[in-house]
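The chain contents come next:
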2 protein chains.
Amino acid sequence: MRVYNFAPGPSALPLPVLEKAAAEMTDYHGTGMSVMEMSHRGKTFLEIHARCQALLRELMHIPDNYKILFIQGGASMQFATIPLNLMTTGAATYIDSGNFAHNALVEAQRYGRVDVLASSREDTYNHIPDFDVDRIAEDSSYLYITTNNTIFGTRYTQLPKPKSIPLVADMSSNILSQPYDVNDFGLIYAGVQKNMGPAGMAVLIIREDLIGKAGPNVPKMLNYQTYADNDSLFNTPPAYTIYMTSLVLEWLKEQGGVEGIYVKNLEKAKILYDFLDASEKFTALAAKKDRSLMNVTFVSPDKETDARFVKEAADAGLVSLKGHRIAGGMRASIYNAMPKEGVEKLVDFMAEFEKTI
Amino acid sequence: MRVYNFAPGPSALPLPVLEKAAAEMTDYHGTGMSVMEMSHRGKTFLEIHARCQALLRELMHIPDNYKILFIQGGASMQFATIPLNLMTTGAATYIDSGNFAHNALVEAQRYGRVDVLASSREDTYNHIPDFDVDRIAEDSSYLYITTNNTIFGTRYTQLPKPKSIPLVADMSSNILSQPYDVNDFGLIYAGVQKNMGPAGMAVLIIREDLIGKAGPNVPKMLNYQTYADNDSLFNTPPAYTIYMTSLVLEWLKEQGGVEGIYVKNLEKAKILYDFLDASEKFTALAAKKDRSLMNVTFVSPDKETDARFVKEAADAGLVSLKGHRIAGGMRASIYNAMPKEGVEKLVDFMAEFEKTI
């Protein structure tokens, strides 16, 4: 029996996608082999690879002057790769809105001066800090943000618009969950393991003029040019991850694309936040104005009750609700693949549980 | 219907492994979710992760003073990561025995002086070059080799034994195919996509004293210390690839481990080489003394016949026999997962085909 899985990533995948992958595991489309066993230079895999890119381009309305790259190593690898490729002036600007934003700026400090434009670190990142793009230094190469903060459950509802430098965004935990205009960004990237597929790859959407700026000491496999010149096939790619991602994107298209899933995501989040706002026992953690649609953080009156809640919810088939150790309490990650029914069950369970507090 | 897949990597996986993965896809061991959907910090995945390491340690008899690391990016990423972590003297020594060895030494040149101890490049790498470890410079940090050369189908039958520096080996295309004494190496690494699992990860087996030597400019995700300190779980690992690798290792154990599969691999290679040596129409490409057990390269009398062979073999269910463009001709990759029956069918087909040349 399948559970409702509220894990923050790796996280729930659509059941039809998993069923399709299982059915195709030993013989993909009559080839007599699994996608895992195929040459990455062969016609069949190249079709999967191209379809994955085409679907992403279609779903996010990616303009022609942006390239899509598939790079191993997840988002954490990009924390170094971004300054190695884009910090051409020796300086860059970061907004410190969460734990991963912070890790990114610490890693960037190896390679140059990092200006922190704004930070909510002293408030345990419970909101998106106010920022003023006019305060960005003239010699800054780019402005870096994290559009959705997985641990504390916040998101930007208004994007910063730097005047003359590219906006670089870690969109790992809310890519494809709501419409964005790709033209607002120089680089969007995301680890795929939340809204796109199984862990093991980052997807990059990069404006072409930002490619080709890495210095001679940058490893070939960290240079965006290597991926752009070889359509992400310079070496063996994480082929099965690309295949799974293509299946998730096909499923998303069937859901009405990003615009369609956004309506559902708004509904799902509203059900949960409305319950929390009305509850006398549970409290939502993130500032109202910055609430994430993907990660909903909350607490009960005390830590013992938090722990009991997480355990009893799991026994009822609502799993992985424990909050991150930094934020504490609970976190319900309700990515694209979480059906509305799962959120309704969670709220029903919370309503019953509340009576026992 | 399954085919016999002679692809050089990604390559054939054992059918029982694929069937198990398919059966467990939507509900792993009653957890109600796929391994793809699990938290990498949860008990269930941590068990898979530990089992994968324990199986590898058992199968390769890895001593306690070696750590096992799982790193994304494949072997090509290691071409840079190795000098970034191990080239502490500013110099290293490479043996240039094939295309991937060559790529590794070119990448290492970004980071210091690279001495080429021996090369068979001028002979299109059709043999392992003679080497003399007494000619290694005193200030060299390590000696680098590729134990099996996938493209030309050669392997070292005698390992170099440098006196005072570690031997570093890319074992991507013959790890787990024959017994090695891990004590002979400072670092063994392998992209998993040939003998261990689906593409998307490199496995490293590294002597503990070689960890912790990277400089301050090395990206955190390229520093072996990061992986050693966090049991390869600093960030989200390629969890499904680790799971598939654990299934392949379980299967290998059932085959009698490395010692058991080695006997089968010797048998398989002998069937094919014996046929080639007796044939008047087909010719084996690699020098006899250095023949690979994993990749068997050969040619027919001319390129047109090569092309016809590859096509007609594929029609008969013997696929991916085309040689690498650098080597030309044909290549039958007969990794651990290729059953003896597949090699026998190939030889039968070659015997019939030969009559038409």
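Numbering of residues starts from 1 in every chain and runs along the sequence as written. Chains and ligands are labelled by the order in which they are written, letters from A for the one and numbers from 1 for the other. Owing to the predicted nature of the model, reporting of local features is limited to residues with pLDDT of at least 70; listing and counting of side-chain atom pairs is limited to 80 or more, with chain, interface and lining totals taken over all residues. Heavy atoms throughout the structure, all of them, feed into the side-chain values; hydrogens and water do not.

Novice: Is there a simple way to explain the sheet that holds strand β14 (residues 330-333) of chain A in this structure?
Specialist: Remark on secondary structure: sheet strands pair via backbone hydrogen bonds, oriented parallel or antiparallel. Residues and elements named next belong to chain A. As summarised here, the arrangement of the three strands in space is β11-β12-β14, forming an open sheet in which the pairing is antiparallel. Across the chains shown, the open sheet's two edge strands, defined by having one partner strand only, are β11 (283-284) and β14. By definition, two strands form a pair when at least two bridges between them are found by DSSP. Only DSSP runs of H or I covering at least 4 residues are called helices, and only runs of E covering at least 2 are called strands; the numbering of each starts at the N terminus. For strand β12 (residues 295-299) and β14, the ladder comprises four bridges, and the chain directions are antiparallel. Within β14, the position partnered with V296 by the bridge is A332. Any pair of residues with heavy atoms lying within 4.5 Å of one another is described as a contacting pair. Interaxial angles span 0 to 180 degrees and are taken between N-to-C directions of axes, which are lines fitted to C-alpha atoms, for helices over the stretch in contact. Against the sheet, helix α7 (residues 257-278) contacts β11, β12 and β14, and its axis sits at roughly 15 degrees relative to β12.

Novice: Please explain the sheet that holds strand β12 (residues 295-299) of chain B as it appears in this structure.
Specialist: All names here are of chain B. With antiparallel pairing, three strands are arranged side by side in an open sheet as β11-β12-β14. The sheet is open, and its two edges are formed by β11 (283-284) and β14 (330-333), each paired on a single side. Where β11 and β12 come together, two bridges link them in antiparallel fashion. Across the sheet, A284 pairs through a bridge with F298, a residue of β12. Sitting on the sheet, helix α7 (residues 257-278) touches β11, β12 and β14, and the angle it makes with β12 is about 15 degrees.

Novice: So what exactly am I meant to see when it comes to the side chain of N148 of chain A here?
Specialist: Residue and element names in this part refer to chain A. Along the chain, N148 turns up in strand β6 (residues 148-149). Three labels apply to residues, based on accessible area from a 1.4 Å probe with only protein chains included: buried if under 20% of the type maximum, exposed if over 50%, partly exposed otherwise in between. Judged by its relative accessible area of 3%, N148 falls in the buried class. When residues no more than four places from it in sequence are discounted, the contact partners of N148 are T154, R155, S173, N174, S292, M294 and N295.

Novice: What should I look at first to understand the interface of chain A and chain B in this one?
Specialist: By convention, interface size is frequently given as the accessible area that disappears when the constituent parts associate. The partner chain B presents 57 residues to the 57 residues of chain A that form the contact. Residue R2 of chain B pairs with E37 of chain A through a salt bridge whose shortest N-O separation is 2.7 Å. Counting of polar contacts relies on pairs of N or O atoms within 3.5 Å, with two restrictions inside protein: one atom must be capable of donating a hydrogen and the other of accepting it, and residues adjacent in sequence are counted only when both atoms are side-chain atoms. Applying the counting rule to chain A against chain B returns 24 residue pairs in polar contact (both at pLDDT 80 or more). Every element with two or more residues in the side of chain A that touches chain B is listed here: α1 (15-23), α3 (74-86) and α6 (239-254) of chain A. Between Lys or Arg on one side and Asp or Glu on the other, a salt bridge is scored when a side-chain nitrogen of the former is within 4 Å of a carboxyl oxygen of the latter.

Novice: Mind showing me how you'd approach the packing of aromatic side chains here?
Specialist: For any pair of aromatic rings, the description rests on two quantities: the centre-to-centre distance and the angle between the ring planes. The pairing test for Phe, Tyr and Trp rings, Trp by its six-membered ring, is centres within 6.5 Å, and the orientation test on the planes gives stacked under 30 degrees, edge-to-face over 60, and tilted for anything in between. Scanning the entire structure with this criterion turns up 33 aromatic pairs over all chains. Centre to centre, the rings of Y144 of chain A and Y189 of chain A are 6.5 Å apart; their planes meet at 50 degrees, and the pair counts as tilted. Separated by 45 residues along the polypeptide, Y144 of chain A in strand β5 (residues 143-146) and Y189 of chain A in strand β9 (residues 187-191) bring together distant segments of the chain. There is no split in this pair, since Y144 of chain A and Y189 of chain A are both buried. Ring geometry for Y94 of chain B versus Y144 of chain B: centroids 4.6 Å apart, planes at 20 degrees, classification stacked. Remark: Y144 of chain B occurs in strand β5 (residues 143-146) and Y94 of chain B occurs in strand β3 (residues 91-96); sequence separation between them is 50 residues. Overall, Y94 of chain B belongs to the buried group, its relative accessible area being 0%. Overall, the relative accessible area of 1% leaves Y144 of chain B in the buried class. Among the aromatic residues, ring-to-ring pairing joins Y28, Y240 and Y243 of chain A together with Y28, Y240 and Y243 of chain B into one connected group.

Novice: Can you help me understand the pattern of salt bridges in this one?
Specialist: Any two side chains of opposite charge can pair, given that their charged atoms come close. This structure, assessed with the given rule, holds 42 salt bridges over all chains. Residue R110 of chain A is joined to E107 of chain A by a salt bridge in which the shortest nitrogen-to-oxygen separation is 3.2 Å. On the basis of relative accessibility, which here comes to 6%, the residue E107 of chain A falls in the buried class. Of the charged contacts in the structure, one is a salt bridge between D277 of chain B and K288 of chain B, with a shortest N-O distance of 4.0 Å. With D277 of chain B in helix α7 and K288 of chain B in the loop between β11 and β12, this residue pair connects regions lying 11 residues apart in the sequence.

Novice: What is the right way to read the packing of helix α8 (residues 303-315) of chain A against helix α9 (residues 340-354) of chain A from this model?
Specialist: The axes of two packed helices give the description: the angle between them and the distance between them. All names here are of chain A. At their nearest, the axes of α8 and α9 sit 11 Å apart, and the two run at 130 degrees to each other. Classified by the interaxial angle, the pair formed by α8 and α9 is oblique. Like other packed secondary-structure pairs, α8 and α9 cross with a definite hand, here right-handed. The segment α8 lies against α9, with T305, R308, F309, E312 and A313 engaging L346, F349, M350 and F353. Tallied by class, the residues present in the contact of α8 with α9 amount to six nonpolar, one polar and two charged. Reported orientations rely on four angle classes, namely roughly parallel under 35 degrees, roughly antiparallel over 145, roughly perpendicular from 65 to 115, and oblique for the rest. Rotating anticlockwise by less than a right angle from the far helix to the near helix defines a left-handed crossing, while the corresponding clockwise rotation defines a right-handed one. Here the nonpolar group is Ala, Val, Leu, Ile, Met, Phe, Trp, Tyr, Cys and Pro; Asp, Glu, Lys and Arg are the charged ones; every other residue, Gly included, is treated as polar.

Novice: In this structure, what is going on with the domain arrangement of chain A? I would like to understand it.
Specialist: All names here are of chain A. In this document the domain limits rely on a domain assignment from an automatic tool or a database. With domains assigned, chain A is organised as domain 1 (4-8 + 257-354) and domain 2 (16-254). The centre of domain 1, based on its C-alpha atoms, is set 26 Å off from the matching centre of domain 2. Across the contact, 26 residues belong to domain 1 and 26 residues belong to domain 2. Once two parts are brought into contact, the accessible area they lose, counted with a 1.4 Å probe and summed over both, makes up the buried area. Summed over both partners, the interface of domain 1 with domain 2 buries about 2200 Å², with 56% contributed by carbon and sulfur atoms. Summed over the three residues of domain 1 that lose the most area to domain 2, namely V258, D290 and N336, the buried surface amounts to 24% of that side. Seen at the junction of domain 1 and domain 2, the total is zero salt bridges. Where domain 1 touches domain 2, the interface holds 16 residue pairs in polar contact (both at pLDDT 80 or more). Those elements giving two or more residues to the side of domain 1 that touches domain 2 turn out to be α7 and β12. Per-element tally for the side of domain 1 that touches domain 2: the top contributor is α7, with seven residues. Here the side of domain 1 that touches domain 2 is composed, by residue class, of 14 nonpolar, seven polar and five charged.

Novice: Can you walk me through the pairing of β9 of chain A in this structure?
Specialist: The side chains of a regular strand alternate, residue by residue, between the two faces of the sheet. Residues and elements named next belong to chain A. Counting buried residues along β9, five of its five residues qualify, which places the element largely inside the surrounding structure. Neither face of β9 is open: one carries L187, Y189 and G191, the other I188 and A190, and all of them are buried. As paired elements, strand β8 (residues 167-170) and β9 share three bridges and run parallel to each other. Its bridge partner lying in β9, V168 is registered against L187.

Novice: Is there a simple way to explain the environment of N103 of chain A in this structure?
Specialist: Residues and elements named next belong to chain A. The topology assignment puts N103 in helix α4 (residues 99-108). Exposure remark for N103: the relative accessible area of 30% places this residue in the partly exposed category. Spatially, the C-alpha atom of N103 lies 8.2 Å from that of S76, the residues being 27 residues apart in sequence.

Novice: I would appreciate a short explanation of empty space enclosed by the protein in the present structure.
Specialist: Rolled over the atoms, a probe with the dimensions of a water molecule shows which regions are left empty. We place a 1 Å grid over just the protein atoms. Points where a 1.4 Å probe fits but has no way out form a cavity, open points with protein on both sides within 12 Å along at least 5 of 7 lines form a pocket, and any residue with an atom within 4 Å of a point lines it. Grid points are joined across faces, edges and corners, and a volume is the space filled by probe spheres set on the points. For the coordinates displayed, the defined rule picks out nine cavities of 30 Å³ or more. Reported here for the largest cavity is a volume of approximately 90 Å³. When its residues are assigned to classes, the lining of the largest cavity shows 10 nonpolar, four polar and no charged.

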